[in-house]
Amino acid sequence: IPEEQTQAALKALEERELIFRQKMSVFSGTSSYIFKHAILREVTYESVLLRNRPMYHRHVADWLAEQSGARVSEYAGSIAEHYELARELAGRRADDTFNTALAINYYHKAMSLISHQSHQAEWQLQLQERLGALLYQQARLIDAAQVYMAMQYTAEMDGDLTAQAHAWQGLGQIYQQQANFDEMEKSAEEARRSAWLVGDNLLQIRALLLRADALNQQNRPEEALSPAEQALSLSCRYDLPRQIGASLGV
């Protein structure tokens, strides 16, 4: 877009008081603008086509890296954020179009960008969970297990019990495919405990069903009855038809 067109658009938005020019800019020779309301920023962002968002995030990251110069350490977090969003969004797009191999590659790159950023734990957990699921779908069980183990460690360090439950559930499903029913049972119980602590009933039901299956696979049907009944009770309490059916089928 020509600079003259950009300046004209900014001026028009400023005249309509949708954005305001800040008196001081972080970088010399540049101008900074802020939206009048945070919700306006969100609406504007959501109006950008999904296929264009990775490109714009990449442009912002490149620009910040160039402008920051010797002060790059001050903006490392923001730069990593935009690079991560560029690749994560591109990865999601690849996933949505069934290009799983490309999506996996993008997720790996995004994770390598933010792995050294301690304050990026939430995004790292999201990437790890999605990558683990994609690897599992591709039957790359060892790779998926490594990702879920890393996710469990990240979640534990961050104190995120919900993410811990998801990681343990993912590991339990991998052990199920590997017919390692003892580890499957242990992972399911860890997932249930974490889910119970945060009050996530759906996650708790999934973990209970996984544990019941693990016990059945070990020829321990009487022990399997307890988690199956707990799953059924929770499913009925919260009117979850699919989970009720799954509980009755254990």
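Here the structure is shown first, and the text comes after it.
The model shown is predicted, which means the values in this text are computed figures rather than measured ones.

1. Re the overall build of the chain
Point 1. Each helix and strand counted, the chain has twelve helices and two strands in total.
Point 2. Start at the N end of the chain and walk to the C end: the helices and strands fall as α-β-β-α-α-α-α-α-α-α-α-α-α-α.
Point 3. Taken over 250 residues, the chain has a buried fraction of 36%.
Point 4. Partitioning the contacts of the chain with sequence separation of at least 6, the portion at a separation of at least 24 is 47%.
Point 5. With an accessible surface of roughly 14,900 Å², the chain has 52% of that area assigned to carbon and sulfur atoms.

2. What to know about the pattern of salt bridges
For side chains of opposite charge, pairing can occur when their charged atoms come near one another.
Point 1. Within the structure shown, the criterion is met by eleven salt bridges.
Point 2. As a salt-bridge pair, Glu185 and Arg220 come within 3.1 Å of each other at their nearest N and O atoms. Placement of Glu185 in helix α9 (residues 181-198) and of Arg220 in the loop between α10 (201-217) and α11 (221-237) is noted, with a sequence separation of 35 residues between them.
Point 3. With a relative accessible area of 11%, Glu185 lands in the buried category.
Point 4. Glu189 is paired through a salt bridge with Arg192; the nearest N and O atoms lie 2.9 Å apart. In this pair, Glu189 and Arg192 both sit in helix α9, three residues apart, roughly one turn of the helix.
Point 5. Exposure remark for Arg192: the relative accessible area of 18% places this residue in the buried category.

3. So, the packing of aromatic side chains
Point 1. Tallying each qualifying case throughout the model produces one aromatic pair.
Point 2. When the centroid spacing of 5.5 Å and the interplanar angle of 80° are considered together, the rings of Phe27 and Trp63 count as edge-to-face. Of this pair, Phe27 sits in the loop between β1 (19-21) and β2 (33-35) while Trp63 sits in helix α3 (residues 53-68); the two residues are 36 residues apart in sequence, bridging distant segments of the chain.
Point 3. According to the relative accessible area criterion, Phe27 is buried, its value standing at 8%.
Point 4. The exposure class of Trp63 is partly exposed, given its relative accessible area of 38%.

4. Notes on unusual backbone geometry
Point 1. Although it is not a glycine, Asn219 sits at a positive phi angle of roughly 60°.
Point 2. Looking at the secondary structure, you find Asn219 in the loop between α10 and α11.
Point 3. In this structure, Asp239 is a non-glycine residue whose phi angle is positive, near 50°.
Point 4. With respect to the helices and strands, the residue Asp239 is situated in the loop between α11 and α12 (241-248).

5. Describing the side chain of Ser194
Point 1. Relative to the assigned elements, Ser194 resides in helix α9.
Point 2. By relative accessible area, which is 0% here, Ser194 ends up buried.
Point 3. Ignoring anything within four residues of it in the chain, the contact list for Ser194 reads Leu161, Gln164, Ala165 and Trp168.

6. Regarding the environment of Leu161
Point 1. Within the fold, Leu161 resides in helix α8 (residues 161-177).
Point 2. Measuring from C-alpha to C-alpha, the distance between Leu161 and Ser194 comes to 5.4 Å, with 33 residues separating the pair along the chain.
Point 3. With residues up to four places along the chain from it excluded, the contact list for Leu161 reads Ser194, Leu197 and Val198.

7. Concerning a nonpolar patch on the surface
Point 1. A contiguous nonpolar surface patch, about 300 Å² in accessible area, is contributed by Trp196, Leu197 and Val198.
Point 2. Its place among the elements puts Trp196 in helix α9.
Point 3. Look at Trp196 and you get exposed, because its relative accessible area is 53%.

8. Considerations on the packing of α10 against α11
Point 1. The contact between α10 and α11 brings their axes to 8 Å, and the two run at 160°. With respect to their mutual orientation, α10 and α11 come out roughly antiparallel. Every pair of crossing elements has a handedness; the one defined by α10 and α11 is left-handed. Together, Asn201, Gln204, Ile205, Leu208, Leu209, Arg211, Ala212, Leu215 and Asn216 of α10 and Pro221, Glu223, Ala224, Pro227, Ala228, Gln230, Ala231, Leu234 and Ser235 of α11 make up the contact between the two elements.

Each value, and the rule that gives it
Residues numbered from 1 in each chain as written. Predicted model: local features only at pLDDT ≥ 70, side-chain atom pairs only at ≥ 80, totals over all residues. Heavy atoms only, no water. Helix = DSSP H or I, 4+ residues; strand = E, 2+ residues; numbered from the N terminus. Buried < 20%, exposed > 50% of the residue type's maximum accessible area, 1.4 Å probe, protein only. Contact = heavy atoms within 4.5 Å. Areas by Shrake-Rupley, 256 points an atom, 1.4 Å probe, with all protein chains shown as cover. Salt bridge = Lys/Arg side-chain N within 4 Å of Asp/Glu carboxyl O. Phe/Tyr/Trp six-rings, centres within 6.5 Å; stacked < 30°, edge-to-face > 60°. Patch = residues over 30% accessible without salt bridge, like charges linked within 9 Å, V, L, I, M, F, W, Y side chains within 5 Å. Axes fitted to C-alpha atoms, helices over the stretch in contact; angles between N-to-C directions. Parallel < 35°, antiparallel > 145°, perpendicular 65-115°, else oblique. Left-handed = near helix turned anticlockwise from the far one by under 90°.

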